[in-house]
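Structure assessment
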Amino acid sequence: QAQLVESGGGLVQAGGSLRLSCAASGRTFNNYVMGWFRQAPGKEREFVSAITWSGGTRYYADSLKGRFTISRDNAKNTVYLQMDSLKPEDTARYYCAAGFYSPYTDYTKRGYDYWGQGTQVTVSS
């Protein structure tokens, strides 16, 4: 019954910023990892970032670290992805995902059970 709803996508020029939101509902996510993925047409889905709901431990794709920042507001049951210095190659549909935490799982690759419908981010030159 978990539901994840992304918002905040849109069209921006290169160098601009967006903040994506993922509103989580339907269950308690205290023991979950919340992740962001993206997928462009003709491309494989790729990991962007993740955060543990309880401890706030953050993970980033190496290529994006420094430009993207993940955070969460537990009181609002919301996870954010702040995207700065956007590039045309960042154009993709961005998805929020949730998975039950395990120390043996690589959450840059797998481990997510719930997915939102995504929000489109388009960066123009």
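Our structure's up above, just so we're on the same page.
Presented here is an overview of the structure given in this document. No experiment lies behind these values; they were computed from the predicted model shown. (Residues numbered from 1 in each chain as written. Predicted model: local features only at pLDDT ≥ 70, side-chain atom pairs only at ≥ 80, totals over all residues. Heavy atoms only, no water.)

**Description of the sheet that holds strand β1 (residues 3-7)**
The following threshold applies: Between any two strands, pairing holds if DSSP finds at least two bridges. Only DSSP runs of H or I with at least four residues qualify as helices, and only runs of E with at least two residues qualify as strands; both kinds are numbered from the N terminus onward. For helices, the fitted axis covers only the stretch in contact; all axes are lines through C-alpha atoms, and the angles between them, taken along N-to-C directions, range from 0 to 180 degrees.
As summarised here, the arrangement of the 4 strands in space is β1-β3-β8-β7, forming an open sheet in which the pairing is antiparallel. Each end of this open sheet is capped by a strand with a single partner; those strands are β1 and β7 (68-73). Strand-to-strand twist in this sheet, taken as the mean axis angle between neighbours without regard to direction, amounts to 15°. The pairing of β7 with strand β8 (residues 78-83) spans 6 bridges and is classified as antiparallel. Residue F68 lies in a different strand from β8, and its bridge partner there is M83.

**Overview of the state of the cysteines**
Let me state the cut-off plainly: Only a pair of cysteine sulfur atoms within 2.5 Å qualifies as a disulfide here. Buried residues are those whose accessible area, probed at 1.4 Å on protein chains only, stays under 20% of the maximum for their type, while exposed residues exceed 50% and partly exposed ones sit between those limits.
Scanning the entire structure with this criterion turns up 1 disulfide. A sulfur-sulfur distance of 2.0 Å marks the disulfide that ties C22 to C96. Around the S-S axis, the bridge from C22 to C96 shows a dihedral of about -80° and counts as left-handed. Residue C22 is located in strand β3 (residues 18-25), and its partner C96 is located in strand β9 (residues 92-100); the two are separated by 74 residues in the primary sequence. Residue C22 shares its accessibility class with C96, and that shared class is buried.

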